[in-house]
Amino acid sequence: MSPYHVRAATLRDVDALARHRLAMFTEMGSSIDATAVDDAFRRWLADLMPLGTYRAWVVETARHEIVAGGGITVLPWPPGPQYLGGRIAFVYNVYTEPPHRHRGLARTIMDAIHAWCRAGGIGIVGLNASAAGQSLYETLGYQPTSSPMMMVALERSKNDHDGRV
């Protein structure tokens, strides 16, 4: 019997979800304002988890300590030449605490995400892979895309306090 259990996350898990997101960025070498990111992420979760737009899963030990997790944002997506479905999922925050790594927990999270997406009729799942996670994602069938996606960071207006309209 495994000493770990995966389950859907709830708003009661916000502390662990936020802790994992900050640790992920730190380990990737990202320079962040931890307090600002933590506050904004907690507000984001409070807004989007009840709507089902963001869904997460966590892995707990037998003592109910959350040691790994990850989630998805479900996005409306217009049908196109590669995919006719009306929604896609984008994976975020797959993270395992260092003492629990190399035990298949990230794969367990990804399996839960994939199962939920299949059951919900979502046929495309995307993610941004860290260097540490790339080999796992490749074993699950993820491939770099030839997508011409580009992004730009827009300056915030004086009326845009925290990204909310």
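Description of the structure in this document. Since we're looking at a predicted model, the values are computed, not measured.

### Quick look at the side chain of Glu60
Relative to the helices and strands, Glu60 is located in strand E2 (residues 54–61). Within the local environment of Glu60, its side chain forms a polar contact with the side chain of Arg7, the two groups lying 3.1 Å apart. In contact with Glu60, not counting residues within four places along its chain, are Pro3, Tyr4, His5, Arg7, Glu65 and Ile66.

### Description of the sheet that holds strand E5 (residues 125–127)
Spatial ordering of the open sheet is given by E1-E2-E3-E4-E5, a layout of five strands whose pairing is mixed. In the strand order of this sheet, the two ends are held by strand E1 (4–8) and E5, each with one partner. In this sheet, neighbouring strand axes are inclined to one another by 25 degrees on average, regardless of whether the strands run parallel or antiparallel. Here helix H3 (residues 105–119) sits on the sheet in contact with E1, E2, strand E3 (66–76), strand E4 (87–96) and E5, set at roughly 30 degrees to E3.

### Comments concerning the packing of aromatic side chains
Applying the stated rule across the entire model yields six aromatic pairs. Ring centres of Trp44 and Tyr92 lie 6.4 Å apart, and the angle between their planes is 75 degrees; on these two criteria the pair is classed as edge-to-face. Of this pair, Trp44 sits in helix H2 (residues 34–48) while Tyr92 sits in strand E4, and the two are 48 residues apart along the sequence. Between Phe90 and Tyr92 the ring centres are 5.3 Å apart and the planes differ by 55 degrees, which places this aromatic pair in the tilted class. The ring of Phe41 has Arg21 sitting right over it, with the charged end atom 4.9 Å from the ring centre.

### Details of helix H1 (residues 14–27)
It helps to recall that an α-helix has 3.6 residues per turn; residues three or four apart then point in one direction. In this model H1 runs 20 Å from its N-terminal to its C-terminal C-alpha over 14 residues, within 8% of the 20 Å that 1.5 Å per residue would give. Within H1, burial applies to Val14, Ala16, Leu17, Ala18, His20, Arg21, Leu22, Met24 and Phe25. Where H1 is buried, its residues contact H2, E2, E3 and E4. Looking one or two residues beyond H1, the residue adopting positive phi is Gly29, at roughly 85 degrees.

Definitions and limits used
- Residues numbered from 1 in each chain as written.
- Predicted model: local features only at pLDDT ≥ 70, side-chain atom pairs only at ≥ 80, totals over all residues.
- Heavy atoms only, no water.
- Helix = DSSP H or I, 4+ residues; strand = E, 2+ residues; numbered from the N terminus.
- Polar contact = N/O pair within 3.5 Å; in protein donor to acceptor, adjacent residues only side chain to side chain.
- Contact = heavy atoms within 4.5 Å.
- Pairing = 2+ DSSP bridges.
- Axes fitted to C-alpha atoms, helices over the stretch in contact; angles between N-to-C directions.
- Phe/Tyr/Trp six-rings, centres within 6.5 Å; stacked < 30°, edge-to-face > 60°.
- Lys NZ or Arg CZ within 6 Å of the ring centre and 35° of its normal.
- Expected span 1.5 Å × (residues − 1).
- Buried < 20%, exposed > 50% of the residue type's maximum accessible area, 1.4 Å probe, protein only.

Keep in mind these values describe shape, not function.
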